[in-house]
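Now for the letters of each chain:
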Amino acid sequence: MTDNEKYLDQFLWAKRELEDIEREIAERRDDNSRLSSIPFDREYVTGSRNNDNSTQVKNMFLILEMERKQIERRHTCLQLQYQMKTSIDQMSDLTYRRILTKKYIYGMKQSAIARDLGYSNSRISELVRLATDAFVIPDDAIYL
């Protein structure tokens, strides 16, 4: 696998990662809302009573910190996808742009790309290789 292929393969991986992150963020928000619904008594948190809620407050902060990290990861994935799509769109050859977009952005199989663009499977394999080789990884490339 070439460096270009490794870089381009990240798009679909980032897409799956974004779906996972969105699900995890929703779960964290559910956890946080459950913790937020616990009656808050300042005396519990300060420890002036025997049954304090400091563990629950600590858990709320942990949930918020996990959510912050997930949001940062989401931002990185989105930046990568934008950078990659922009780099493909800047290629001068329209056929190469179409092939790379279908393969790496939309995740289409080569046989589907061949049917869609009217090429034989052997010709599309060659064009995918040529398009991938012609792709220029940005100097400030983001890697996950």
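Look up a bit, the structure's there.
Nothing here was measured: the structure is a model prediction, and the numbers come from that model.

Calculation criteria
- For every chain, the first residue of the written sequence is number 1, and numbering continues from 1 along that sequence.
- At least 70 in pLDDT is required for a residue's local features to be given in this predicted model, at least 80 for side-chain atom pairs to be given and counted, and no such filter applies to totals for whole chains, interfaces and linings, which use all residues.
- Each side-chain value is worked out from all heavy atoms of the structure, with water and hydrogens disregarded.
- Here the axes come from fitting lines to C-alpha atoms, over the contacting stretch only for helices, and the angles between their N-to-C directions go from 0 to 180 degrees.
- Numbering of helices and strands runs from the N terminus, with a helix taken as a DSSP run of H or I at least four residues long and a strand as a DSSP run of E at least two residues long.
- Angles are sorted into four bins: roughly parallel if under 35 degrees, roughly antiparallel if over 145, roughly perpendicular if 65 to 115, and oblique for all others.
- For this analysis, residues touch if any pair of their heavy atoms sits within 4.5 Å.
- When residue character is reported, Ala, Val, Leu, Ile, Met, Phe, Trp, Tyr, Cys and Pro are called nonpolar, Asp, Glu, Lys and Arg charged, and the others, Gly included, polar.
- Pairing of aromatic side chains here covers Phe, Tyr and the six-membered ring of Trp, requires ring centres within 6.5 Å, and sorts the geometry by plane angle: under 30 degrees stacked, over 60 edge-to-face, intermediate tilted.
- Buried means the residue's accessible area, taken with a 1.4 Å probe over protein chains only, is under 20% of the maximum for its type, while exposed means over 50%, and partly exposed covers the values in between.
- For any pair of crossing helices, the crossing counts as left-handed if the nearer helix is rotated counterclockwise from the farther one by less than a right angle, and right-handed if it is rotated clockwise.

Caption draft 1: Fine view of the packing of helix 5 (residues 110-117) against helix 6 (residues 121-134). Closest axis-to-axis distance for the helix 5/helix 6 pair is 9 Å, and the angle between their directions is 105 degrees. Relative to helix 6, helix 5 is oriented roughly perpendicular. Taking contact as the criterion, the partners of Gln110, Ser111, Ile113, Ala114 and Leu117 in helix 5 are, on helix 6, Asn121, Ile124, Ser125 and Val128. Classifying every residue of the contact of helix 5 with helix 6 by side-chain character gives five nonpolar, four polar and no charged.

Caption draft 2: Region of the structure containing the packing of aromatic side chains. One pass over the structure, following the stated rule, counts two aromatic pairs. For the ring pair Tyr7 and Phe135, a centre distance of 5.9 Å and an interplane angle of 25 degrees mean the geometry is stacked. Of this pair, Tyr7 sits in helix 1 (residues 3-36) while Phe135 sits in the segment after helix 6, and the two are 128 residues apart along the sequence. Given the relative accessible area of 0%, Tyr7 is considered buried. Since its relative accessible area comes to 3%, Phe135 is described here as buried. Centroid distance Tyr7 to Tyr143: 5.5 Å. Interplanar angle 70 degrees. Geometry classified as edge-to-face. Separated by 136 residues along the polypeptide, Tyr7 in helix 1 and Tyr143 in the segment after helix 6 bring together distant segments of the chain.

Caption draft 3: View of the packing of helix 4 (residues 94-105) against helix 5. At a minimum axis distance of 10 Å, the contact between helix 4 and helix 5 shows a crossing angle of 140 degrees. In this view, helix 4 runs oblique relative to helix 5, as classed from their interaxial angle. When the axes of helix 4 and helix 5 are compared, the crossing they make is right-handed. Two secondary-structure elements touch here, helix 4 through Arg98, Ile99, Lys102 and Lys103 and helix 5 through Gln110, Ile113, Asp116 and Leu117. Considered class by class, the residues forming the contact of helix 4 with helix 5 number three nonpolar, one polar and four charged.

Caption draft 4: Broad picture of the side chain of Gln83. As for its position among the elements, Gln83 is in helix 3 (residues 54-89). Its relative accessible area of 11% is what places Gln83 among the buried residues. Excluding residues that lie within four positions of it along the chain, Gln83 makes contacts with Tyr7, Pro138, Asp140, Ala141 and Ile142.

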